[in-house]
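Residues per chain, in single letters:
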Amino acid sequence: MPNEIIKRSHDAHVSGNGHGHDEHEHHQTFWTKYVFSQDHKMISKQFLITAILMALLAMSMSTIFRLQLAWPDKHFPFLETVLGKWAKDGRLDPSMYLALITIHGTIMVFFVLTGGLSGTFSNLLIPFQCGARDMASGFLNMLSYWFFFASCTVMCASLFLTTGPASAGWTVYPPLSALPQAIPGSGAGMTLWLVSMVLFIGSALLGGINYVVTVINLRTKGMKMTRLPLTIWAFTITAILGILSFPVLFAAALLLLFDRSFGTSFYLSDIHIGGVPLEHVGGSPILYQHLFWFLGHPEVYIVLLPALGLASEVISTMSRKPIFGYKAMIGSMLVIAFLSFVVWGHHMFITGMNPFLGSVFVFTTLLVAIPSAVKVFNYIATLWKANIVMSPAILFAIGLVSFFISGGLTGIILGDSALDINIHDTYFVVAHFHIVMGSSAIFGMFAGIYHWFPRMYGRMMNKKAGYLHFWLTFLSVYGVFFPMHFIGLAGVPRRYYANTSYEGFSGIININELITMFALLGAFAQLIFIANFFYSIWRGKRAVQNPWKSNTIEWTAPVEHLHGNWPGEIPTVHRWAYDYSKPGHSDDFIPQTTPYSETVSSNLPGEE
Amino acid sequence: MINLLIFVVVVLVIIVVVRVVRVMELATELSGEDDSIINRKDNRFNGAMMIIFLVLGVGAMVYFTLDAKKYLLPLSASKHGVIIDKLLDVNWVLLVVVFLVTQFLLFYYAFRYHHRKESKAYFYPINHTLEVVWTIIPTIVLGGMIVYGLNVWNNITKPAPKGAMLIEIYGKQFDWTVRYAGADNILGKSNFRLITDDNPLGVDSTDKASKDDIIAKELHLPVGAKILLKLHSRDVIHSAYLPHFRTQMNCVPGMTTEFFFEPTITTRQMREYTKNDKFDYVLLCNKICGVAHYTMKMNVVAEEPEQFNKWVTGQSLVFPKPAAPAPAPEKATASITKP
Ligand code: HEM
Ligand SMILES: [Cu+2]
Ligand SMILES: [Cu+2]
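Conventions adopted
- Residues numbered from 1 in each chain as written.
- Chains lettered and ligands numbered in written order.
- Predicted model: local features only at pLDDT ≥ 70, side-chain atom pairs only at ≥ 80, totals over all residues.
- Heavy atoms only, no water.
- Near = heavy atom within 4 Å.
- Polar contact = N/O pair within 3.5 Å; in protein donor to acceptor, adjacent residues only side chain to side chain.
- Helix = DSSP H or I, 4+ residues; strand = E, 2+ residues; numbered from the N terminus.
- Nonpolar A, V, L, I, M, F, W, Y, C, P; charged D, E, K, R; others polar.
- Phe/Tyr/Trp six-rings, centres within 6.5 Å; stacked < 30°, edge-to-face > 60°.
- Buried < 20%, exposed > 50% of the residue type's maximum accessible area, 1.4 Å probe, protein only.
- Lys NZ or Arg CZ within 6 Å of the ring centre and 35° of its normal.
- Donors = N, O, S within 2.8 Å, 3.2 Å for Na, K, Ca; no water.
- Tetrahedral: all angles 85-135°; square planar, octahedral: opposite > 155°, others 65-115°.
- Pairing = 2+ DSSP bridges.
- Axes fitted to C-alpha atoms, helices over the stretch in contact; angles between N-to-C directions.
- Contact = heavy atoms within 4.5 Å.
- Buried area = accessible area lost by both parts, 1.4 Å probe.
- Salt bridge = Lys/Arg side-chain N within 4 Å of Asp/Glu carboxyl O.

1. Digging into the site of ligand 1
All names here are of chain A. Around ligand 1, the surrounding shell holds 24 residues, and the nearest of these are H104, W170, H434, R494 and R495. A distance of 2.6 Å is found between an oxygen atom of ligand 1 and a backbone nitrogen or oxygen belonging to W170. Every element with two or more residues in the shell around ligand 1 is listed here: α4 (40-70), α6 (94-130) and α16 (427-457). Tallied by class, the residues present in the shell around ligand 1 amount to 15 nonpolar, six polar and three charged.

Here's what the structure looks like:
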């Protein structure tokens, strides 16, 4: 049994009789502790802080282009200060507008909600909740973070190019992204975008493989798969999705790089641009879209599933009630994950795809609604007759469920090819994915941060600031994205610098103003969060060991971070994670480490 | 202006809420200790906020939806658009019901079951019947929606009838050109290597079918006609979007795509219907195609067939007959095609 051996050698290395352990701690220098750390807790914090900084950047970008959309003829002198030649006289340049939405989307989807979300919480919780000393490979884990960091650095560097960063949209469809003649951002900016993505894919694969191996091999004694908290299930399924789909993005990016730099014609054919015909023949731009969305759709679940996992755990813990339908939750995640690989064509209904093939994708796409509905019902059933402790974390988790419903329902419209004809690429799509993917996932991330902050930093975040942050953000998300549906239904295309060229769109400027005001309010609310987060790291109230009275085993480890997590032996697990408010038991929770022999009064038939 | 007012009101409400919280907090401090991390006031405040948010939120959504009607697209100006709109309406009815019920339960339970020291949650980990029921019901409903939706889709995408009028829509950065097939209703062949300033679509002048092809900078559509759009791009992907006709199809370099539709309402009728005598149909580009993507559009006129015929005969041919002697450009193009 190889995994037994790994476990044992790990134990011996860390616990011993306490002596070896201390010695080990003293070897740590600043560099090995904070920078080239191989400890999952530190790596998780590195991911989190990097992601927060990237999110701030992407959010600032969104406020800038929201200003443009609301007041397309006003001058904002501060823009010139920030953007220089890209905002002469305080008017945002149209090519910079496209660059901003592109980088905003890329950062949010990949760096914040993929790297940041999985990187933070898979790293923190997989070893802690499975009962492992650390990840299977600390070294690969460290590499995963540094690939991520390098990737962020390259992406940020591309902002300073004279031709501007990539600006073909976050999906970077060729030929636009392949030809510098087509748009300035497709020069060096696009090259850096591709390099950054390749580094990012490296990071995602290193991380993902590590997560899966850890969950399979390093669970503590008694931690059967069916006793794992839903967080771990979600992270594992997510990691598998990533391992299967990111290589395809890698291939797509590589072929694009070849077309750009080595004159191949994978995606290019019959092009006449800049007054001359190009030599490329025989390729197809549609091929790129197939490859991209083969990753791209699983990607939205790579973003969403960890958030749903975090929400499941938080909702169950804070409502002091077992999650309803534990197995149905796992089953629906598996079904969603499987289906996510066979629906990519719904992004391509109007590319000239064979209508019959379109029908197949309609079918598979609408099927996803079934497991999604099951999840929602399970969440609602969990809240029924609960005893909800209103921590900021569960507020965000409830917000997530609300967004998941709202955005999921509009997805049913977009998945219907006949309806997609008229709303494809309009603001309806922007509204839909911001709610279902952007906001849900961000709320899952917030829920996770508020809930596990004491586990990460040994201190509590300020709850009042948390409430303010939640209610303002919740209000502004609906304030921004609910009205956006109507702009889409009015026929307004996305990725438009201004809606001034067609007279028929003049009315919607009112809606755009309203949206921008909510966006500014939302941005302000995030500043409250940032302040609270950094203040609490150093000044927050000290946390007790198990502040939320939770069952999962990460809370049995001491508040201080130890190399190897538990000072003595790793705890043994005796039950699932959701024995909350079990009748016959005096407390309203029974930690996973409590054997049934100690809870005779509350055991159900079959639990010895 | 009204937006500014709304904004100010929102900000005021927030300030009030913050003050109220502060007062409640002081009151707790005075009324004795509650040392839990999340105390009674927190639970009550957030529980109450759930209900407030639900009521005000749904109210605001209803108000906004009614108010936003004036911005939405008017009735469909094409035949297939009518069945799309109907499908959309049926979808909306269903979705709004599901939305209201689920959101209500979510917020109501969050309010109703907020923490109380005296009470204990009901240990209820699973109910198989429920799980089965709420898997099967969505399956049936979605099954219905899939069948209905695909029915509409197949209707729209079935092969165009023979003899449908051909119109080429040709996209390039950053404008549109249209080509009518002329009397023979065949579009002459084209090739991107033949593109010149005088021949922006790269039409092959050696193809007889091109002789009567007509080129225009405005899209005119005869109502009641069966129209098959043939879409092309010469540089990057564009998307020909005719929102009022519920019509959209990408223009992809190296490929010809097509879309069949039947316009039904003339521009003049639509002006009357919308009570807006400046109303015009439009062809927009709806796929990011470069810096001036947002300006890429073409005016569209739907009119009675007689007016259309009058208009189309006034347009110029792709290869104007009498003017310059043809051979010179033809030689030039021939030399390009050879290799
Ligand atoms: C801070 C609040 C946010 C605001 C106000 C905002 C607003 C916008 C707007 C107006 C666009 C441009 C749409 C267009 O012209 O096509 C956009 C694009 C986008 N946003 Fe956001 N957004 C926000 C947060 C997020 C989050 C959390 C995500 C994470 C998924 C996200 C992902 C994207 C993506 C993928 C695009 C598409 C970029 C493209 O068109 O290539 N955004 N956003
Ligand atoms: Cu998708
Ligand atoms: Cu365009």
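2. Points about the packing of aromatic side chains
Residue and element names in this part refer to chain A. Taken as a whole and judged by the stated rule, the model has 80 aromatic pairs over all chains. Their ring planes at 70 degrees and their centres at 6.4 Å tell us that F443 and F446 sit as a pair that is edge-to-face. Note that F443 and F446 are positioned in helix α16 at a spacing of three residues, about one turn of the helix. Residue F443 is classed as buried on the basis of its relative accessible area of 1%. Residue classification places F446 among the buried positions, given a relative accessible area of 9%. The ring of W86 is capped by K85, whose NZ or CZ atom sits 4.5 Å from the centre of that ring.

3. Description of the coordination of the iron atom of ligand 1
Residue and element names in this part refer to chain A. At this site the iron atom of ligand 1 is bound by H104 (NE2) and H434 (NE2), with donor distances of 2.0 Å. Classification of the site at the iron atom of ligand 1 as octahedral follows from its six donor atoms and the range of 83 to 177 degrees in their angles at the metal. Of this pair, H104 sits in helix α6 while H434 sits in helix α16, placing them 330 residues apart in sequence. Note on accessibility: H104 and H434 belong to one class, buried.

4. A closer look at the sheet that holds strand β10 (residues 297-303) of chain B
Residues and elements named next belong to chain B. With mixed pairing, five strands are arranged side by side in an open sheet as β4-β10-β9-β6-β7. Strands at the two margins of the open sheet, each flanked by one partner only, are β4 (219-222) and β7 (247-251). Going across the sheet, the axis of each strand differs from the next one's by a mean of 20 degrees, ignoring polarity. Where β4 and β10 come together, four bridges link them in parallel fashion. Residue pairing for β10: P222 is matched across the bridge by E303. On the sheet, helix α6 (residues 305-313) packs against β4 and β10 and is oriented at approximately 145 degrees with respect to β4.

5. Focus: the side chain of B:N46
Relative to the elements of secondary structure, B:N46 occurs in helix α2 (residues 40-68). Among the residues examined, B:N46 registers a relative accessible area of 0% and is labelled buried. A distance of 2.9 Å separates polar atoms of two side chains, one belonging to B:N46 and the other to A:W471. With sequence-adjacent residues up to four places away left out, B:N46 is seen in contact with A:M390, A:L395, A:Y467 and A:W471.

6. Considerations on the interface of chain A and chain B
Contacts between the two partners involve 130 residues from chain A, matched on the other side by 111 residues from chain B. Carbon and sulfur atoms make up 72% of the area that chain A and chain B hide from each other, which totals about 10700 Å². For the pair chain A and chain B, the interface holds three salt bridges. Of the charged contacts, one joins A:D425 and B:K287 as a salt bridge, the two residues approaching to 2.6 Å between their closest N and O atoms. Counting residues per element, the side of chain A that touches chain B draws most heavily on helix α17 (residues 463-489) of chain A, which supplies 13 residues. Partitioned by chemical class, the residues of the side of chain A that touches chain B number 84 nonpolar, 29 polar and 17 charged.

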